[in-house]
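So you can see what is in the structure, the chains are spelled out below.
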Amino acid sequence: MKPSTLRHPARSLLHAIFSTHHRNVGFGYLAISFIAVAIGTLLSLAMRLHLTWPAWHFPLHGLILPEEYLALVTMHGTLMLFFVLTVAPQSGFGNLILPSQIGSRRMSFPRLNALSMWLTALALAVLLAAFFVPGGAPMGGWTSLPPLSATPLAGPGEGLGMDLWLASIAIFCIASTISATNTLTTIVKLRCNGMRWERLPLTVWGWFTAALLSVIAFSVLLAAILLLFSDRHLHTGFFLPSNDLINGVLLQHRGDGSPLLWLHLFWFFGHPEVYIAILPGMGLTSMVLANFSRRRIPGYRLMILTTLLIGFLGILVWGHHMFVAGLNPFAGTAFSISTMAIAIPSFAKVVSWLTTVWGSHRTPSSAAATSRFPTPMLFALGFVSFFIAGGVSGPILAQPILDEYLHSTFFVVAHFHLIMSMAGLFGIFCAIYYWAPLLIHRTLSEPLGKLHFWGTLIGAYSTFLPMHFTGLAGEPRHYAQLNGLAGPGMTLLQSTMPLQRHITIGAIGLALAQLPFLLNLILTLLRPAQPFDNPWNATTLEWAPGSLNLHPSNQSPVVHRGPCQYTASGENFLTQWSELTPSQPKPE
Amino acid sequence: MPPTLTPPEIDRHHHISDGNNGHKPPTDKRTGGNGDGDGDNWNNRPQGHRGPRERLAQARIGLFFALGGDLMFFIALVSVFFVTKASGHFDAYSHFINEWLPTAIPSILWLNTAILLLSSVTAEAARRTMFREHDAMDEWFGIGRPITRRATLWLSLTLLLGGFFLIGQWVAWDQLAAQHVFFRSNPSSHFFYLITVTHAVHLFLGIVALIAALMILQLSRSLSTRQVFVDTTVWYWHVMGILWVFLFLLLVYGQ
Amino acid sequence: MQASSIPPTHGFWNLPVNAARHGHVLDAQLLLNLWIALALLALAHLILFIGLARRKRSRTPSLLLVEYLPIAAFTILLAALATHSERLWATQRFTGADLSAMQVEVTGMQFVWYFRYPGTDAAFGTTRLALASAANANPLGIDPTDPHGRDDIVTSQLVLPANREVDLTLHAQDVIHGFSVPQLRLKQDATPGTTTHIHFTPETPGDYAILCTQVCGLGHYRMQAILRVLPPAAFDAWLHTQENLHAQENLQAQTASTTEAQP
Ligand code: HEA
Ligand code: HEA
Ligand code: CUA
Ligand SMILES: [Cu+2]
């Protein structure tokens, strides 16, 4: 696609929409995740308000019923995890940045690429349709455990709503597999001359590992969905016992399936999925911290290794979600140990980040980087902070004896919102601020960016830190109401009320903190585009002059060294594409 | 664009840096595995425009990863097969009840398997013709279309055999239905149908790909496009054939 | 005796007071872990802030010092924590309950818990889901033809004696439910079609909350019950009255059914 040849705005819009150019596809993915994050955020606010003030009548809606609360939770989790954290970092930025970062002009299979983007959009539409069907959206949580998810008898939302959920996720699985295939082929085959594996930026390693995990995990989920669908509609009983009495109706099946089988299949997918969500962000954090600290990444090869190791171990730990679900206790021990092991490469990453920024306080050298800590750097630091804060509770949950107390409480919710949602989101924000000059040919405003950063950081901590404490006090997940029943249960749940209020106010603040970001985007887009340059003095290939408008007739870039080559003083640097030094005689 | 400087210190720090590691001289050798250094002039072209070899390699790698994912799908199904086969419950008299009744394999499946294997042979013949250098030259110079002619023949034969296979599967389902063995009948029949039907769907996609390859053979003027399509289709076909052999053995001996 | 007089949660970490024998070691391990996590969190942020504030650029550090040594230290820490907690897990779960343990069966269904005591014959009668109906006062579907079932006592409140080991058998009729007693540090899912066991010893008499911790439908949040731990003597008295009551009911029901049901 050559944008310059199109004049008519409507025509160019049409072209942009049906284009197979990786940038348009990437923007398509970002648009999908933007819609999803906006809806997901509104749902989470509704959840919070209802939990804190259950008698409150929502404008336009009225009272939230228990099944509606559960539908909110399910849709919030599904939207955020699948359509935001899988789509934006992996597919969105993967398409926008990955090719130019490896010196290619294109993704391997542009048409398949566009197809998978449209399939993802279709999946989102199908998912959202679940809100509008009779019975509403499903209420089984994003894990959709059968038998709850296996029959409409189990409650509202488990009829057509659940079917739509399954259809949506099935489409999403196919789209993700296609997209991951494309990413992998691109990385394997389309690296430019000199771009050897160990010279790949860590972002590319993140995308690569996440894509490998996608190929492995999503197919398994697809198989599980197929089986669940046949349990729902074809009278099989893969996930159902031979007799099941639901809502006064005795369901009988041939064979003795078990809900545990679904748990195994789902979590075999589910755990890799959360790493798919975070690995690209980890890679970006490494690169951005190094760039703004003007520091080489200590142990570059070790970082590549830990990325691959996290991916590999990520496939072997799924049982840690099932310690008290009826898993054999011996298997519990085995999964516990493999899970503890995954903390080690994660810790290595944290240590590398801390070392990279150690003593990096410096006077900026470039005109655009007017501050010591420009916004992308702040968001990368925020990523580190959240990764640690959420990560330290991981090994606690990984001990079955402790998980026996903590499982399915808000302690888990606190764990994954910090390490996944907030770290993941900070990864996305870091990417937006860092790559804005490439993507929209403008840098985003620094003051608004900083406001956004501090608001989000403080908002996120004041929302999700207290959840640890309500969880430790015993508050279970998926509780539509914390009051209304007399007895010791009520006493227990009500004791968390002061913290609940705090959390909800924090969540509102967190959502409001996104306004400066939206304002920033709008104001920046209203400004005229600036000529392209390398404002962050970055060393990776996407910043090479003309890298984004590479035309087939252009000279192919050649890479001479790995990324992050800075001098000890940090002032000077060598980009991956500059042709200097290799032949220079070394002093000494 | 700020100047990028070349301070000598940078080289001194190679030992703590990335890949160069101090000891290996930076060779900047070609990456991505394309063009094995046989000196073809494609090398001077930018990535993604290096000619037929690169396109072919890309398509094959893509297919490799996609089929890897697909394999996981079948691995999941087969795992569930074994779990379900082994599970049962205790009845009121503490007897262990296992409702698994092995599905009798219709004997036509043996014939189908043979047909599918044969079709892989014809497909391979088509694939091989695409890469006969002598004939490729003829096509290039426009002397004739020997490749296309022969490949069309072999591919059509494959298509025919593939069609036979699918019809054969249909007959097998029909025979089972006549014996009142349906998808719903029994845990084992669930799997018989699940496995044969999902495989048939894959084979149907293979047939669509074969038809597309046949059309491209006729319509496309670029030899490399034809090669890529025939090659990937045939590889897909082979993998589905091998997969079928495994699934069939599972159904015959694993029940 | 009433737990409501005890504050439901206490201490910095907001843990409810523990009332089970295994809870002491569990709490100790949990608190140790939490403090270590907090310390690591603080330490990491301290390093981060100092590193960011330092003006002097240190020489590029040696990998051994900044990577491998901390990794080794962290691995040792994890290994120590894991070994200890795996031991606790093993003592709790690797072996079944003592043969003398008290048997109670717990059944979850949307959205109530039922508890069944084996009665005087110390054996549970068989159940059939087809017979289960709350309207017929047989929510668990106890088979009336099985003599073992005649004396089974079904309650909606779990009453247990203090200081005696209990072996709970967990079932679910419809969907997965989570049986959880925060104050007894207990959690185990009740899955339809399978039976799971947990065993433990309640220590402190009082009333405790039983919560459902696996999303099971719209009434998930109100699927709560009460666990009443009684001193042994009081428990025996309670059990006797239940048994007598049940025997009377049975007699009435039998006379009624013999006149009524002749298939
Ligand atoms: C990405 C993942 C993600 C994110 C961001 C969030 C964000 C939030 N979540 Fe969510 N949550 C989940 C994933 C996520 N969550 C999952 C998986 C579950 C479990 C579901 C289940 O059990 O089934 C869950 C469950 C869950 C619960 C538990 C409900 C229950 O069990 O009873 C609660 C309760 O408070 C909650 C609250 C919140 C709040 C207040 C936010 C707030 O932080 C929201 C604030 C929003 C933002 C800060 C986003 C702003 C971003 C932008 C404006 C632009 C981004 C730009 C582009 C993408 C281009 N969440
Ligand atoms: C991106 C997502 C993400 C990531 C990266 C992780 C990372 C980890 N997770 Fe988490 N997890 C989730 C997302 C994620 N998790 C989600 C979504 C759920 C809930 C799903 C649901 O039920 O709905 C969940 C649930 C979950 C459970 C199940 C809880 C339960 O339901 O009972 C467990 C149990 O073992 C667990 C463990 C871990 C561990 C050990 C890690 C480790 O990888 C963490 C490693 C990191 C560290 C260990 C930090 C290292 C840093 C330091 C230690 C700092 C100190 C440094 C110095 C002093 C220099 N997670
Ligand atoms: Cu029963 Cu939740
Ligand atoms: Cu996990």
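Right, let's walk through the structure included here. Computed from a predicted structure; not experimentally measured.

### A short note on the overall build of chain A
At step 1: Of regular secondary structure, chain A possesses 17 helices and 4 strands.
At step 2: In summary, chain A has a C-alpha radius of gyration of 24 Å against a globular reference of 25 Å for 588 residues, a match within 12%.
At step 3: The principal-axis extents of the C-alpha atoms in chain A amount to approximately 80 × 50 × 45 Å.
At step 4: By residue count, 71% of the 588 residues in chain A fall in the buried class.

### Focus: the overall build of chain B
At step 1: When its secondary structure is counted, chain B shows 7 helices and 2 strands.
At step 2: In chain B, the succession of helices and strands from N to C terminus is α-α-β-β-α-α-α-α-α.
At step 3: Looking at chain B as a whole, 50% of its 255 residues are labelled buried.
At step 4: In chain B, once contacts between residues fewer than 6 apart in sequence are set aside, the share between residues at least 24 apart is 72%.
At step 5: Summed over all atoms, the accessible surface of chain B reaches about 12600 Å², with 68% contributed by carbon and sulfur.

### Re the coordination of the iron atom of ligand 2
At step 1: Within the protein, just one atom coordinates the iron atom of ligand 2: H415(A) (NE2), at a distance of 2.2 Å.
At step 2: For H415(A), the position within the fold is in helix α13 (residues 410–439).

### Comments concerning the coordination of the iron atom of ligand 1
All names here are of chain A.
At step 1: Here the iron atom of ligand 1 is held by the protein donor atoms H76 (NE2) and H417 (NE2), which lie 1.9 to 2.0 Å from it.
At step 2: One way to put it: the 6 donor atoms around the iron atom of ligand 1 meet at angles of 87 to 179°, and that makes the site octahedral. Of this pair, H76 sits in helix α3 (residues 66–101) while H417 is found in helix α13, placing the two residues 341 residues apart along the sequence. H417 matches H76 in its accessibility class, with the two residues each being buried.

### Looking at the state of the cysteines
At step 1: Throughout the structure, instances matching the rule amount to 0 disulfides over all chains.
At step 2: Residue C192(A) stays outside any disulfide, its sulfur separated by 16 Å from that of C564(A), the closest cysteine.

### Some remarks on the packing of α3(A) against helix α7 (residues 259–293) of chain A
Between two packed helices, what matters for the description is the angle formed by their axes and the separation of those axes.
Residues and elements named next belong to chain A.
At step 1: Running from N to C, α3 and α7 point in directions that differ by 45°, and their axes come no closer than 8 Å. Classified by the angle between their axes, α3 and α7 sit oblique to one another. For the element pair α3 and α7, the recorded crossing hand is left-handed. Listed contacts from α7 to L81, F82, L85, T86, P89 and Q90 of α3 are F269, E273, I276, A277 and P280.
At step 2: A per-class count over the contact of α3 with α7 returns 8 nonpolar, 2 polar and 1 charged.

### What about the packing of α7(A) against α13(A)?
All names here are of chain A.
At step 1: Two numbers describe how α7 lies on α13: the axes approach to 9 Å, and their chain directions differ by 45°. Classified by the interaxial angle, the pair formed by α7 and α13 is oblique. Crossing of α7 against α13: the hand is left-handed. For the pair α7 and α13, contact is made by V274, I278, L284, V288, N291 and F292 and by I419, M420, A423, G424, G427, C430, A431, Y434 and W435, respectively.

### Here we look at the site of ligand 2
At step 1: The environment of ligand 2 is formed by 34 residues, the closest being W142(A), Y275(A), D403(A), H407(A) and H415(A).
At step 2: Ligand 2 sits at the junction of chains A and C, each of which supplies nearby residues.
At step 3: One of the side-chain nitrogen or oxygen atoms of R477(A) is found 2.9 Å away from an oxygen atom of ligand 2.
At step 4: Only α7, α9 (329–357), α10 (375–391), α11 (394–397) and α13 of chain A together with α1 (23–53) of chain C provide two or more residues apiece to the shell around ligand 2.
At step 5: When grouped by side-chain class, the residues that make up the shell around ligand 2 number 24 nonpolar, 8 polar and 2 charged.

### Concerning helix α5 (residues 146–178) of chain B
At step 1: Between its first and last C-alpha, α5(B) extends 48 Å over 33 residues, near the 48 Å set by a 1.5 Å rise per residue.
At step 2: Once α5(B) finishes, H180(B) follows within two positions and takes phi at roughly 60°, a positive value.

### Let's talk about the packing of aromatic side chains
At step 1: Per the stated rule, a full pass over the model turns up 59 aromatic pairs over all chains.
At step 2: A centroid spacing of 4.9 Å and a plane angle of 80° characterise the contact between W110(B) and F248(B), whose relative ring orientation is edge-to-face. Remark: F248(B) occurs in helix α7 (residues 223–253) and W110(B) occurs in helix α3 (residues 108–130); sequence separation between them is 138 residues.
At step 3: Exposure remark for F248(B): the relative accessible area of 2% places this residue in the buried category.
At step 4: Ring plane angle 80° and centroid distance 5.4 Å describe the contact between F165(B) and W244(B), whose orientation is recorded as edge-to-face. Taken together, the residues F165(B) in helix α5 and W244(B) in helix α7 connect sequence positions 79 residues apart.
At step 5: Classification of W244(B) by relative accessible area gives buried; the value is 0%.
At step 6: Ring pairing ties together the aromatic residues F82(A), F83(A), W142(A), F172(A), F218(A), F239(A), W262(A), F266(A), W267(A) and F269(A), which thus form one cluster.
At step 7: Geometry around W197(A) places R191(A) over its ring, the cationic atom sitting 4.2 Å from the centre.
At step 8: If you follow R185(C) out to its NZ or CZ, it ends over the ring of Y405(A), 5.1 Å from the centre.

### Details of the sheet that holds strand β9 (residues 186–190) of chain C
Residues and elements named next belong to chain C.
At step 1: Strand order in the open sheet made by the 5 strands is β6-β12-β11-β8-β9, with mixed pairing throughout. Strands at the two margins of the open sheet, each flanked by one partner only, are β6 (158–161) and β9. Direction aside, the axes of adjacent strands within the sheet are offset by 25° on average.
At step 2: The pairing of strand β8 (residues 177–181) with strand β11 (residues 206–212) spans 2 bridges and is antiparallel.

### Looking at the sheet that holds strand β7 (residues 166–172) of chain C
In any sheet, the strands associate via hydrogen bonds between backbone groups, in a parallel or an antiparallel arrangement.
Residues and elements named next belong to chain C.
At step 1: The 5 strands are arranged β5-β4-β3-β7-β10 in an open sheet whose pairing can be described as mixed. Two strands close off the open sheet at either side, each with one partner strand: β5 (153–155) and β10 (196–200). Between one strand and the next, the sheet's axes are offset by a mean angle of 25°, whatever the strand orientation.
At step 2: Relative to β7, strand β3 (residues 102–109) is paired through 7 bridges, and the arrangement is parallel. If you follow G108 over to β7, its bridge partner there is A172.

### Things to note about the pairing of β3(C)
All names here are of chain C.
At step 1: Within β3, 7 of the 8 residues are buried, which leaves the element mostly enclosed by the surrounding structure.
At step 2: Pairing of β3 with strand β4 (residues 112–117) involves 5 bridges; the strand directions are antiparallel. Bridge pairing in β4 links T107 to Y114.
At step 3: Here β3 folds back onto β4, and the loop between the two strands holds 2 residues.

### What to know about the side chain of E158(A)
Residue and element names in this part refer to chain A.
At step 1: Note that E158 resides in the loop between α4 (110–129) and α5 (160–189).
At step 2: The charged side chain of E158 is buried without a salt bridge, its nearest counter-charge being R232 at 4.9 Å.
At step 3: Within polar-contact distance, the side chain of E158 engages the backbone nitrogen of M139 at 2.9 Å.
At step 4: Apart from residues no more than four positions distant in its own chain, E158 is found in contact with P138, M139, G140, L148, S149, T151, P152 and R232.

### Quick word on the nonpolar core
At step 1: Judged by nonpolar contacts, the single largest core of 317 residues is most densely connected at F83(A), F93(A), W435(A), W113(C), F115(C), Y117(C) and F179(C).
At step 2: Excluding residues within four positions of it along the chain, Y117(C) makes contact with M102(C), V104(C), F124(C), D152(C), I153(C), T155(C), Q157(C), L158(C), V159(C), F235(C), W238(C) and L239(C).

### Some details on the site of ligand 1
All names here are of chain A.
At step 1: Of all residues adjacent to ligand 1, which total 31 residues, the nearest are Y69, H76, W142, H417 and H478.
At step 2: For ligand 1, an oxygen atom lies 2.8 Å from a polar atom in the side chain of R48.
At step 3: Elements supplying a minimum of two residues to the shell around ligand 1: α2 (22–52), α3, α13, α14 (446–472) and α16 (497–512).
At step 4: Of the residues contributing to the shell around ligand 1, the split by class is 19 nonpolar, 10 polar and 2 charged.

### Quick look at helix α17 (residues 515–526) of chain A
At step 1: Over its 12 residues, α17(A) runs 17 Å from end to end, which matches the ideal 16 Å to within 8%, given 1.5 Å per residue.
At step 2: The elements touched by buried residues of α17(A) are α13, α14 and α16 of chain A.

### Topic: the interface of chain C and chain A
At step 1: Contact with chain C, which involves 82 residues of that partner, is made by 92 residues of chain A.
At step 2: A combined buried area of about 7900 Å² lies between chain C and chain A, and 69% of that area is made up of carbon and sulfur atoms.
At step 3: Taken together, the connections running from chain C to chain A amount to 1 salt bridge.
At step 4: For R93(C), the salt bridge identified is with E404(A), shortest N-O distance 2.9 Å.
At step 5: Taken together, chain C and chain A are joined by 19 residue pairs in polar contact (both at pLDDT 80 or more).
At step 6: Of all elements in the fold, only β2 (15–16), α1, α2 (63–94), β9 and β11 of chain C reach the threshold of two or more residues within the side of chain C that touches chain A.
At step 7: Broken down by element, the residue count for the side of chain C that touches chain A peaks at 18 residues, all from α2(C).

What counts and what doesn't
- Residues numbered from 1 in each chain as written.
- Chains lettered and ligands numbered in written order.
- Predicted model: local features only at pLDDT ≥ 70, side-chain atom pairs only at ≥ 80, totals over all residues.
- Heavy atoms only, no water.
- Helix = DSSP H or I, 4+ residues; strand = E, 2+ residues; numbered from the N terminus.
- Rg over C-alpha atoms; globule rule 2.2 N^0.38 Å.
- Buried < 20%, exposed > 50% of the residue type's maximum accessible area, 1.4 Å probe, protein only.
- Contact = heavy atoms within 4.5 Å.
- Areas by Shrake-Rupley, 256 points an atom, 1.4 Å probe, with all protein chains shown as cover.
- Donors = N, O, S within 2.8 Å, 3.2 Å for Na, K, Ca; no water.
- Tetrahedral: all angles 85-135°; square planar, octahedral: opposite > 155°, others 65-115°.
- Disulfide = S-S within 2.5 Å.
- Axes fitted to C-alpha atoms, helices over the stretch in contact; angles between N-to-C directions.
- Parallel < 35°, antiparallel > 145°, perpendicular 65-115°, else oblique.
- Left-handed = near helix turned anticlockwise from the far one by under 90°.
- Nonpolar A, V, L, I, M, F, W, Y, C, P; charged D, E, K, R; others polar.
- Near = heavy atom within 4 Å.
- Polar contact = N/O pair within 3.5 Å; in protein donor to acceptor, adjacent residues only side chain to side chain.
- Expected span 1.5 Å × (residues − 1).
- Phe/Tyr/Trp six-rings, centres within 6.5 Å; stacked < 30°, edge-to-face > 60°.
- Lys NZ or Arg CZ within 6 Å of the ring centre and 35° of its normal.
- Pairing = 2+ DSSP bridges.
- Lys, Arg positive; Asp, Glu negative; His and termini not counted.
- Salt bridge = Lys/Arg side-chain N within 4 Å of Asp/Glu carboxyl O.
- Core = buried A, V, L, I, M, F, W, Y, C linked by side-chain atoms within 4.5 Å.
- Buried area = accessible area lost by both parts, 1.4 Å probe.

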